[in-house]
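Close look at the chain arrangement
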Amino acid sequence: MRIRATVAAVSGALALSALAVPAAQADGSAPSYRAEVAKVLQAHGKTAFTGNAPADLDVSFSNFKIASAIVVGTTNRVSTTVTYTMTHGADIDINSDDFDNGPIIYKGSIGAPDNVLGGDLPATCTATSATTASCKGLIDIDPADELINADAGAWSGGALAVTYSNDDSTVQGGLATTKLQRYARLTVNASPEPVKKGKTITVTGLLSRANWDTGKYAGYTVQPVGLQFRKKSVSTYTSTLKTVKSDSKGNLKTTTTATADGYFRYNFAGTSTTPAVKATGDYVDVQ
């Protein structure tokens with residue numbers, strides 16, 4: 001679920017858009033968690049993320065745990081689990097149909113986030129005392145509708161709670177950090193096959209990654225990639241023969257000398273916006 005936020009010069013509030021409401025709930029026959037989340041963030045505006053505004057609800061969050069990185073391609077929806085502790089006033093019934101809470105992640109400044117992602121459904125919570133609960137929720141991400149390339153990189157975690165009947169709510173940020181990364185692909189082809197010992201082997205490949213702006217994969221340019229080799233008789237790649245930089249289209253090309261039967265692969269260490277990836281090894285028969 002996305003809540004794309006742009007800085008608006010209107011009372012310091014967030015201009016929210018592109019948060020879909022299921023058709024079955026569009027007539028107001030039942031409360032929509034997603035719609036309520038959008039309303040909460042819009043109502044709280046900039047102050048909700050500063051931590052300075054008093055909460056309408058006596059609810060706070062801690063022990064927020066999320067994956068250190070979330071890798072997203074171009075088409076498949078990705079969901080990542082978040083767990084946290086919710087502390088609440090004794091007068092709040094966490095099992096009421098009128099009350100919901102859930103995790104969010106946001107990109108950029110906590111005072112003016114560029115984008116906010118949350119779950120399609122609220123979190124599920126189990127009471128651990130009269131005023132605390134252990135909660136688990138999802139961050140649901142649809143790259144086709146919710147991400148642009150500028151969203152890759154560092155994000156922060158937060159959570160919110162709401163009562164539907166009176167629109168009371170609380171939003172808390174700064175609970176954790178994570179990264180959104182653009183899924184990467186890496187290929188390799190070593191030739192000729194077979195080859196005589198001592199002759200030259202040419203190793204080509206392509207390093208590409210998800211382009212969230214176009215919904216396609218594109219070359220990841222000017223990136224260092226290691227060429228590795230393992231002999232046929234061993235199971236691990238024990239050495240990096242050389243480092244090659246991808247060209248302006250993400251292509252890789254280098255040469256090496258044939259010494260023994262074995263597998264060549266390219267190995268990319270990753271960046272803050274793109275995860276590490278290893279190509280499947282290509283076997284060369286040396287005669």
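The notes below deal with the structure included here. Residue positions are given per chain, counting from 1 as you read along its sequence in written order. With pLDDT at 70 or above as the cut-off, local features in this predicted model cover only qualifying residues; side-chain atom pairs require 80 or more to be listed or tallied, and sums for whole chains, interfaces and linings still use all residues. To obtain the side-chain values, all non-hydrogen atoms of the structure were included, while hydrogens and water were left out.

Of regular secondary structure, the chain possesses two helices and 20 strands. Any pair of residues with heavy atoms lying within 4.5 Å of one another is described as a contacting pair. Restricting the contact set of the chain to residue pairs at least 6 apart, pairs at least 24 apart contribute 66%. Put simply, DSSP marks the helices as runs of H or I at least four residues long and the strands as runs of E at least two long, and each gets a number from the N terminus on.

Attention now moves to the environment of Tyr266. Relative to the elements of secondary structure, Tyr266 occurs in strand S18 (residues 262-268). Residues Tyr266 and Leu186, spaced 80 residues apart in sequence, show a C-alpha to C-alpha distance of 7.3 Å. Contacts described as polar in this section are N or O atom pairs within 3.5 Å, which, within protein, must combine one atom able to donate a hydrogen with one able to accept it, while residues neighboring in sequence count only if both atoms come from side chains. One polar contact links the side chain of Tyr266 to the main-chain carbonyl oxygen of Val203, over a distance of 2.8 Å.

A few words now on the pattern of salt bridges. Basic side-chain nitrogens of Lys or Arg form a salt bridge, by our definition, when they fall within 4 Å of a carboxyl oxygen of Asp or Glu. Tallied over the full model, the rule gives three salt bridges. Among the salt bridges present, the one from Lys39 reaches Glu36, with a minimum N-O distance of 3.5 Å. In this pair, Lys39 and Glu36 are both assigned in helix H1 (residues 33-50), three residues apart and thus about one turn of the helix distant. For Arg77, the salt bridge is made with Asp120, and the minimal N-O distance between the two is 2.5 Å. Placement of the pair is Arg77 in the loop between strand S4 (69-72) and strand S5 (78-88) and Asp120 in the loop between strand S7 (113-118) and strand S8 (124-127), with a sequence separation of 43 residues. Taken together, the shared-partner salt bridges in this structure form one network comprising Glu36, Lys39 and Asp167.

Residue Ser191 is joined to Pro192 through a cis peptide bond whose omega torsion reads 0°. The topology assignment puts Pro192 in the loop between strand S12 (184-191) and strand S13 (200-211). Residue Glu193 is joined to Pro194 through a cis peptide bond whose omega torsion reads -5°. Looking at where Pro194 falls in the secondary structure, it is placed in the loop between S12 and S13. If you check the backbone angles, Asn63 has positive phi at about 50° while not being a glycine. By secondary structure assignment, the location of Asn63 is in strand S3 (residues 59-65). Residues other than glycine seldom take positive phi values, yet Asp167 does so here, at roughly 65°. Structurally, the position occupied by Asp167 is in the loop between strand S10 (153-163) and strand S11 (169-182).

The criterion for an aromatic pair is that two Phe, Tyr or Trp rings (for Trp, the six-membered ring) have centres within 6.5 Å, with stacked assigned to planes under 30 degrees apart, edge-to-face to planes over 60 apart and tilted to the rest. Within this structure, the stated rule accounts for six aromatic pairs. Each ring, one from Phe64 and one from Tyr84, has its centre 6.0 Å from the other, and the planes form 15°; the classification is stacked. A residue pair is termed long-range when its members are at least 10 positions apart, and Phe64 in strand S3 and Tyr84 in strand S5 qualify at 20 residues. We note that Phe64, like Tyr84, is buried. Consider the ring centre and the ring normal. A charge sits over the ring if Lys NZ or Arg CZ is within 6 Å of that centre and within 35 degrees of that normal. Over the ring of Tyr220 we find Arg209, and its NZ or CZ is 3.7 Å from the ring centre. When the ring centre of Tyr237 is taken as origin, the NZ or CZ atom of Arg265, which lies over that ring, is 3.9 Å away. A 1.4 Å probe rolled over the protein chains alone gives each residue an accessible area, and that area as a share of the maximum for its type sets the label: buried under 20%, exposed over 50%, partly exposed in between.

For Asp261, the location among the structural elements is in the loop between strand S17 (251-257) and S18. Note: C-alpha distance between Asp261 and Lys231 (30 residues apart in sequence) is 6.0 Å. Setting aside its immediate chain neighbours within four residues, Asp261 contacts Phe229, Arg230, Lys231, Lys232, Tyr283, Val284, Asp285 and Val286.

Time to look at the sheet that holds S5. Strand order in this open sheet of four strands is S3-S5-S9-S8, and the pairing throughout is antiparallel. The sheet is open, and its two borders are formed by S3 and S8, each paired with just one other strand. Sheet twist, expressed as the mean angle between neighbouring strand axes with direction ignored, is 25°. Where S8 meets strand S9 (residues 132-141), four bridges bridge the pair, whose relative direction is antiparallel. Bridge pairing links Thr124 to Lys136 in S9. Here, strands pair whenever DSSP counts at least two bridges between them. Between N-to-C directions, angles span 0 to 180 degrees; the directions come from axes that are lines fitted to C-alpha atoms, helices contributing only their stretch in contact.

With respect to the helices, strands and loops of the structure, Ser208 is situated in strand S13. What makes Ser208 buried here is its relative accessible area of 8%.

Attention shifts here to the side chain of Asp142. Residue placement: Asp142 occurs in the loop between S9 and helix H2 (143-146). Positive residues here are Lys and Arg, negative ones are Asp and Glu, while His and the chain termini are left out of the count. No salt bridge is formed by the buried Asp142; its nearest oppositely charged neighbour, Arg77, is found at 4.2 Å. Not counting chain neighbours up to four residues away, the residues in contact with Asp142 comprise Thr75, Arg77 and Leu147.

Turning our eyes to something else, we now look at the pairing of S11. Most of S11 sits inside the fold, with ten of its 14 residues counted as buried. Examined bridge by bridge, S4 and S11 share four bridges and lie parallel to one another. In the strand pairing of S11, Ala69 is matched with Lys179. Pairing of S10 with S11, which is carried by nine bridges, proceeds in the antiparallel orientation. In the sheet register, Val162 faces S11, and the bridge partner there is Ser169.

Coordinates in, geometry out; function isn't part of it.
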